Amino acid sequence: MAHYLPRSSLVLAQILSMFIPIVVASPDPAAMTYNVVSLGAKADGTTDSTQAFVSAWTKACASTNPAVIYVPVGRFYLRQVVFNGPCNNNAIIMSIAGTLVAPSDYRVLGNTANWLVFEHVDGVTISGGILDAQGTALWACKASGNSCPAGATTLEFSNSKNIVVSALSSLNSQMFHIVVNGCQNVKMQGIRVTADGNSPNTDGIHVQLSSSVTILDSKIKTGDDCISIGPGTTNLWVENVECGPGHGISIGSLGKDQQEAGVQNVTVKTVTFTNTQNGVRIKSWGRPSNGFARNILFQHAIMMNVQNPIVIDQNYCPDNKGCPGQISGVKINDVTYQDIHGTSATEIAMKFDCSSGNPCSNIRLEDVKLTYNNQAAQASCSHAAGISTGFVQPTSCL
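The rules behind these values
Residues numbered from 1 in each chain as written. Predicted model: local features only at pLDDT ≥ 70, side-chain atom pairs only at ≥ 80, totals over all residues. Heavy atoms only, no water. Disulfide = S-S within 2.5 Å. Buried < 20%, exposed > 50% of the residue type's maximum accessible area, 1.4 Å probe, protein only. Helix = DSSP H or I, 4+ residues; strand = E, 2+ residues; numbered from the N terminus. Pairing = 2+ DSSP bridges. Axes fitted to C-alpha atoms, helices over the stretch in contact; angles between N-to-C directions. 1 Å grid on protein atoms, 1.4 Å probe; cavity = no way out; pocket = protein on both sides within 12 Å on 5 of 7 lines; lining within 4 Å. Points joined across faces, edges and corners; volume = space filled by probe spheres on them. Salt bridge = Lys/Arg side-chain N within 4 Å of Asp/Glu carboxyl O. Contact = heavy atoms within 4.5 Å. Nonpolar A, V, L, I, M, F, W, Y, C, P; charged D, E, K, R; others polar.

Peer 1: Any chance you could break down the state of the cysteines for me, citing the residues and the numbers?
Peer 2: Counted according to the given criterion, the structure contains six disulfides. Here C317 connects covalently by a disulfide to C323, the sulfurs 2.1 Å from one another. Sign of the S-S torsion, about 110 degrees for the bond between C317 and C323, identifies this disulfide as right-handed. C323 sits in the buried class, given a relative accessible area of 3%. Linked covalently through their sulfurs, C381 and C397 form a disulfide whose S-S length is 1.9 Å. Residues C381 and C397 are joined through a disulfide that is right-handed, its torsion about the S-S bond being 75 degrees. Of this pair, C381 sits in strand β31 (residues 378–382) while C397 sits in the segment after β32 (384–393), and the two are 16 residues apart along the sequence. Residue class for C381 comes out partly exposed when judged on its relative accessible area of 26%. According to the relative accessible area criterion, C397 is partly exposed, its value standing at 29%. Along the protein chain, the cysteines that take part in disulfide bonds pair up as 1-2, 3-4, 5-6, 7-8, 9-10, 11-12, counted in sequence order. The closest cysteine sulfur to the non-disulfide-bonded C183 is located on C87, 14 Å from its own sulfur.

Peer 1: Please give an account of the sheet that holds strand β15 (residues 178–181) that cites residues and values.
Peer 2: Pairing is parallel in the open sheet, where 11 strands are placed in the order β6-β9-β12-β15-β18-β20-β22-β24-β26-β28-β31. Of all strands in the sheet, those bounded by a partner on one side alone are β6 (81–84) and β31. On average, each strand axis in the sheet is tilted by 15 degrees relative to the strand beside it, whichever way the strands run. By the bridge criterion, three bridges tie strand β18 (residues 205–208) to strand β20 (residues 227–229) in an arrangement that is parallel.

Peer 1: Run through the layout of surface pockets, naming residues and quoting values.
Peer 2: Each pocket or cavity is described by its volume, and for the largest pocket that value is around 760 Å³. Lining the largest pocket are 30 residues, and of these F176, H206, G252, S253 and K256 lie nearest its centre. Elements with a minimum of two residues in the lining of the largest pocket: β18, β22 (249–254) and β24 (278–285). If one sorts the elements of the lining of the largest pocket by residue count, β24 sits on top with three residues.

Peer 1: If you had to explain the pattern of salt bridges to someone new, which residues and values would you point to?
Peer 2: Under the defined criterion, the tally for this structure stands at five salt bridges. D225 is the partner of R281 in a salt bridge, and the nearest nitrogen-oxygen pair spans 2.9 Å. One end of the pair, R281, is in strand β24; the other, D225, is in the loop between β19 (211–221) and β20, with 56 residues separating them in the sequence. Like R281, the residue D225 is buried in the burial classification.

Peer 1: Go over the environment of V193 with me, naming the residues and quoting the values.
Peer 2: Here V193 is to be found in strand β17 (residues 192–194). Classification of V193 as buried rests on a relative accessible area of 1%. In this structure, the C-alpha to C-alpha distance between V193 and S218, residues 25 residues apart in sequence, is 8.2 Å. Contacts of V193, omitting those with residues within four sequence positions, involve S170, H177, G204, K219, I220, K221 and T222.

Peer 1: Talk me through empty space enclosed by the protein; I want residue IDs and the actual numbers.
Peer 2: Here the structure, examined in full by the defined rule, presents one cavity of 30 Å³ or more. One number sums up the size of the largest cavity: a volume of about 50 Å³. What lines the largest cavity is F83, M94, I96, L100, L116, F118, I126, L131 and L155. Contributing elements (two or more residues each) for the lining of the largest cavity: β7 (92–96) and β9 (114–119). Tallied by class, residues from the lining of the largest cavity come to nine nonpolar, no polar and no charged.

Remember that the coordinates give geometry; whether it matters functionally is a separate question.
Spelled out as structure tokens, the structure:
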């Protein structure tokens with residue numbers, strides 16, 4: 001994702017924060033609590049509270065004891081905030097009882113890449129709260145065909161470790177809702193993502209270049225992938241997630257770059273897809289790359305009126321630019337589909353469109369039942385090899 005430059009406004013904010021010595025003791029005698037209202041934030045949804053949040057972070061990060069940043073009930077207007085580490089402790093909790101609100105004018109954040117960013121931090125927890133990015137105006141701009149900024153990701157963790165996000169809601173992001181980039185040991189639980197089914201590029205949770213990420217007990221309704229799994233993702237566990245509307249849970253796009261880190265050891269289990277474009281998908285660009293996807297398990301999935309319940313697409317080439325006539329170099333192997341049931345919105349419920357130069361291998365189907373209009377759906381295979389065991393419908397074409 002984005003690379004960040006030092007910001008003079010942050011430096012000024014950090015200097016100013018030294019002169020606001022308002023600290024409240026936490027119930028934990030070892031920790032300090034910094035209430036953003038005590039530091040100048042206003043819960044009216046219009047007063048710029050950016051300074052107060054930077055000030056709270058500066059104090060919490062400088063503390064040698066565990067620290068709590070407390071955001072009480074109310075709506076807090078924030079411009080871009082970069083929460084920079086490393087810090088002097090590895091136990092900072094941001095406890096949010098209220099709502100953080102982005103500027104309604106999408107031009108304020110539209111070219112900044114991110115709204116709220118945690119970089120180079122270790123041991124940060126975000127608990128509760130609502131992030132309201134107010135992205136609907138930017139979606140409308142994009143739909144009109146006018147020249148618009150790309151938009152900002154609502155929340156990003158970059159080059160960080162030991163992160164917990166629990167019971168957080170993200171509303172109407174301009175672009176991606178949550179991004180995990182270059183991180184280790186991240187746990188997300190009880191996440192709620194909400195955006196219109198037609199909102200562009202509003203992926204729910206995007207993971208890339210990260211290891212040991214867990215996503216549990218979450219509900220994602222958005223206009224793009226509910227969860228997107230990018231290059232360099234290893235040891236990812238997704239469980240008990242509801243997706244829809246949206247584009248499903250996708251590994252990829254992979255293979256956009258010639259030199260690219262692979263994806264491996266991914267488990268997606270106990271997931272429900274409702275009226276989504278895809279269910280479980282792996283997609284790669286149709287051009288040369290040394291990328292790969294291997295040791296993938298999709299287990300216990302329910303499909304309800306899903307257009308493409310099971311799909312591997314290795315001929316991804318948006319707008320037919322940069323790849324026509326080429327072959328995907330991404331190698332896909334050891335992918336298991338186990339206990340996948342439900343209904344397809346199209347006749348072909350299972351499609352393996354693999355690379356002619358690097359065929360998919362060791363694809364395993366076990367206990368699959370997908371129907372279309374109350375009849376057995378169909379399967380389509382190209383350059384895919386594997387086995388099926390137990391009851392498999394549509395009839396395997398591997």
